[in-house]
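Spelled out from the first residue to the last, the chains are:
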Protein chains: 2
Amino acid sequence: MEQSFLAYLRGRTRSLPSVAVGIGDDAAVLDFPINGQPTAVANEPGSGVLQQVACTDQIIDGVDFCSESQPLASIGYKSIAINLSDIAAMGATPTAALVTLALPAHNATEIAGEVYEGILEACGQFGVAIAGGDLSTYDGPLSINVTLLGTVTDPWLRSGAKEGDAIFVTGSLGGSLAGRHLRPIPRIELATRLRQIATVNAAIDISDGFSLDLDRMLAASRVGAELDIENIPISEAAQEMSQTSGRTPLEHAWSDGEDFELIFTVGESDAIKLEQLSADELTTAITRVGTVVGRTGLWKRVPGSKLQRVFPQGYVHGETDE
Amino acid sequence: MEQSFLAYLRGRTRSLPSVAVGIGDDAAVLDFPINGQPTAVANEPGSGVLQQVACTDQIIDGVDFCSESQPLASIGYKSIAINLSDIAAMGATPTAALVTLALPAHNATEIAGEVYEGILEACGQFGVAIAGGDLSTYDGPLSINVTLLGTVTDPWLRSGAKEGDAIFVTGSLGGSLAGRHLRPIPRIELATRLRQIATVNAAIDISDGFSLDLDRMLAASRVGAELDIENIPISEAAQEMSQTSGRTPLEHAWSDGEDFELIFTVGESDAIKLEQLSADELTTAITRVGTVVGRTGLWKRVPGSKLQRVFPQGYVHGETDE
């Protein structure tokens, strides 16, 4: 449902005041007003003007987590971390969060307290203020909604990938549900570091699966990718999971959701620069996994130098897995 | 639960980065960064610096509205309007909304569409952009969470009321639940107009009841009020409701929630100026209902010029009505 409804919404919001970047990227980008007045023309990405970013994400018990088997503090931590991941995907710096809890009436105060332990931990770790929020009790499952604000100059958009760009991914992929997904490390520090070294043309964070989110970013940029499939960094968790899941480690890395790593593209000269830096220098390991090409879709090189189309897989909201 | 939990939170967030005005007012106030850097010292209210406001409010089926008897478009409208009311209470100008829906799995797309009709109507009416949002389906009641952003110079805080200030209230009070509560008129226009004419020292919007929200504002200012009870503007709906409710029209005006009118205080010279203006000139009627006094609590003058203490009543979240 989500994708088609967002398309409908994008159409319907055309008559409203606009923001520099609206529905459809990892976060919205808003212009700061000048002398108290909204800027007459939205600043284009690349304008070098300081802008605001804002994103929001809710997680619900029974849909996005399971309170019976997962610590509430970790769930609180995750509610902030997944929004920080969106902020990182814009190359932005987080500033403040607004946190809304819908709490089951039974044990509401205790649940709120435990959830907030994790929220406070994540906010402390990444220098985020808690600016406000709302609390309700109701006859329903625990639901946590976080809106995160931040600032950015020249945000990284999904739509900026250019033919010839190198495609990188952070960390290692797959098997997040074995545990990593509760304490994801949003790539805020890497984003800050990258901005000092290179010009990132496009970025997205992996929430629904490497191949699916890569495909979304490329589609927004109206380009495709030639992938070096064998270079995709596979996590240990994906290796372990594969022993019982009936799927290969690569399949896990290709399609598992909730990695919260970044995919980004840079020009060739920046790519060479980045490959010479250690994980320590960059704050985290990054891996080159392919090249942006003009032809849309995902392609892999097979023996004999032919290209074969490969298809994105992952978690599609409101539908079963493809 | 809410008030005590917020007190706990205020304590726990002291170690985090701070915002100019955090948890506890109608909206948070954040400093815009200067040259991409957060300002070293939070701007005090009254600094004349342009700041950002942000607030968030969720409404849930079965708690805050009833989808079986109320049109979904009205509920969508209300989800924006109640946040606009908070923005108005800060004397701020709204800019953009982030909207999150948690939808019952059955008929999710249809419900989302109807709710959005009202959301788009309210946003169109008050010049608000929709910057983003989130959609989930789950096994629970319809829940709408809106975060609203805006801008302000010298925000109106609950804590600014001064001894000797005149206390005003907008519109007429009570009986909102007879229907007005679904299409409240957030006092955005009045707030803009007031800023041109007067210096508002303190303000709050009425969400839980006139006397209760007045008491909250005065408590935040560490002052009290001498009220001219007979001047409190009583709505027609309160008159009608009183015919069957067993409560007087004044009791409805005193304690009914969801009026979404503003209470504000100004110095005496501004008060005289405001009283000379018509409702048309001000965009809406306002009524002087009392005077801020140093002695805390709410007081009314009784025959013989003695003062008698009166007690706030209204909707207290997480508790039964007092």
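These numbers were taken from a predicted model, which means no experiment stands behind them.

Let's shift gears to the sheet that holds strand 11 (residues 297–302) of chain B. All names here are of chain B. Strand order in the open sheet formed by 7 strands is 7-9-6-10-8-11-12, with mixed pairing between adjacent strands. Edge strands, defined here as strands with exactly one partner in the open sheet, are strand 7 (200–205) and strand 12 (306–310). Here the strands of the sheet are splayed against their neighbours by 30° on average, with no regard to which way each runs. Here strand 8 (residues 224–227) pairs with strand 11 via 4 bridges, running parallel. Considered in strand 11, the bridge of A225 is made with L298. Set on the sheet, helix 2 (residues 72–89) makes contact with strand 7 and strand 9 (262–266); between it and strand 7 the angle comes to about 165°.

All names here are of chain B. Summed over the entire model, instances satisfying the criterion amount to 28 salt bridges over all chains. Here R216 makes a salt bridge to D208, at a shortest N to O gap of 2.8 Å. For the pair R216 and D208, a shared accessibility class is recorded, and that class is buried.

For the rest of this paragraph, the subject is the UniProt feature "binding site: Mg(2+) 1" (unreviewed entry) in chain A. All names here are of chain A. As recorded in UniProt, the sites labelled "binding site: Mg(2+) 1" (unreviewed entry) are T56, D57 and D134. Tracing the backbone shows T56 in strand 2 (residues 50–60). In this structure T56 comes out as buried when scored by relative accessible area, which is 8%. Looking at T56, its side chain comes within polar contact range of the side chain of N145, at 3.0 Å. Along the chain, D134 falls in strand 4 (residues 129–138).

Opposite the 60 residues of chain B that make contact, chain A presents 60 residues. For the pair chain B and chain A, the two sides together bury roughly 4,800 Å², of which 70% comes from carbon and sulfur. Joining chain B to chain A, the criterion identifies 2 salt bridges. Between E117 of chain A and R12 of chain B there is a salt bridge, and its shortest N-O distance comes to 2.7 Å.

Before going further, it helps to examine the environment of E226 of chain B. Residue and element names in this part refer to chain B. Mapping E226 onto the fold places it in strand 8. In the structure, E226 is positioned 63 residues away from V289 in sequence and 8.7 Å away in space, judged by C-alpha atoms. Discounting chain neighbours no more than four positions away, the residues touching E226 are V289, G290, T291, V293, W299, R301 and L307. At 2.2 Å, the side chain of E226 forms a polar contact with the side chain of R301.

All right, on to the UniProt feature "binding site: Mg(2+) 3" (unreviewed entry) in chain A then. All names here are of chain A. Residues annotated in UniProt with the feature "binding site: Mg(2+) 3" (unreviewed entry) correspond here to D26, D86 and D205. These annotated residues cover 180 residues of sequence, and their C-alpha atoms lie no more than 7.6 Å from one another, placing them together at a single site. Within the secondary structure layout, D26 lies in the loop between helix 1 (2–12) and strand 1 (28–31). One polar contact links D26 to R158, side chain to side chain, over a distance of 3.3 Å. You can see D86 is positioned in helix 2 (residues 72–89). Excluding anything up to four places from it in sequence, D86 contacts D26, C55, D57 and D205.

On to the packing of aromatic side chains. Enumeration according to the criterion identifies 8 aromatic pairs over all chains in this entry. Measuring from centroid to centroid gives 5.6 Å for Y116 of chain A and F5 of chain B, while their planes differ by 55°, and the two rings are tilted. Linking Y116 of chain A in helix 3 (residues 108–126) with F5 of chain B in helix 1 (residues 2–12), this pair reaches from one chain into another. By relative accessible area, which is 3% here, Y116 of chain A ends up buried. Judged by relative accessible area, which is 4%, F5 of chain B ranks as buried.

Overlay of chain B on chain A (RMSD 0.0 Å): rotation 180°, translation along the axis 0.0 Å. Taken together, the rotation and translation relating the two chain copies correspond to the operation of a two-fold axis. Residues of chain B ranked by C-alpha distance from the rotation axis are headed by G140 of chain B, positioned 2.7 Å from it. In this assembly, 100% of the residues forming the interface of chain B have copies in chain A that are likewise at the interface, indicating an isologous arrangement.

We now examine the pairing of strand 6 (residues 166–170) of chain B. All names here are of chain B. For strand 6, the tally of buried residues reaches 5 of 5 residues, placing the bulk of the element in the interior. Neither face of strand 6 is left uncovered, since the one carrying A166, F168 and T170 and the one carrying I167 and V169 both have all their residues buried. Note that strand 6 and strand 9 share 4 bridges and pair antiparallel. Counted as the bridge partner of I167 is T265 from strand 9. Inspection of the sheet shows strand 6 paired to strand 10 (residues 286–293) by 5 bridges, in the antiparallel sense. Bridge pairing links A166 to T291 in strand 10.

Further remarks concern unusual backbone geometry. Within the chain, R222 of chain A stands out as a residue other than glycine whose phi angle is a positive 55°. Its relative accessible area of 72% is what places R222 of chain A among the exposed residues. Despite not being glycine, N107 of chain B has its phi angle at roughly 65°, a positive value. Secondary-structure assignment places N107 of chain B in the loop between strand 3 (93–104) and helix 3 (108–125).

Cut-offs used in this document
- Residues numbered from 1 in each chain as written.
- Chains lettered and ligands numbered in written order.
- Predicted model: local features only at pLDDT ≥ 70, side-chain atom pairs only at ≥ 80, totals over all residues.
- Heavy atoms only, no water.
- Pairing = 2+ DSSP bridges.
- Helix = DSSP H or I, 4+ residues; strand = E, 2+ residues; numbered from the N terminus.
- Axes fitted to C-alpha atoms, helices over the stretch in contact; angles between N-to-C directions.
- Contact = heavy atoms within 4.5 Å.
- Salt bridge = Lys/Arg side-chain N within 4 Å of Asp/Glu carboxyl O.
- Buried < 20%, exposed > 50% of the residue type's maximum accessible area, 1.4 Å probe, protein only.
- UniProt positions renumbered as here; feature names shortened; annotations may be inferred.
- Polar contact = N/O pair within 3.5 Å; in protein donor to acceptor, adjacent residues only side chain to side chain.
- Buried area = accessible area lost by both parts, 1.4 Å probe.
- Phe/Tyr/Trp six-rings, centres within 6.5 Å; stacked < 30°, edge-to-face > 60°.
- Least-squares fit on C-alpha atoms with pLDDT ≥ 70 in both.

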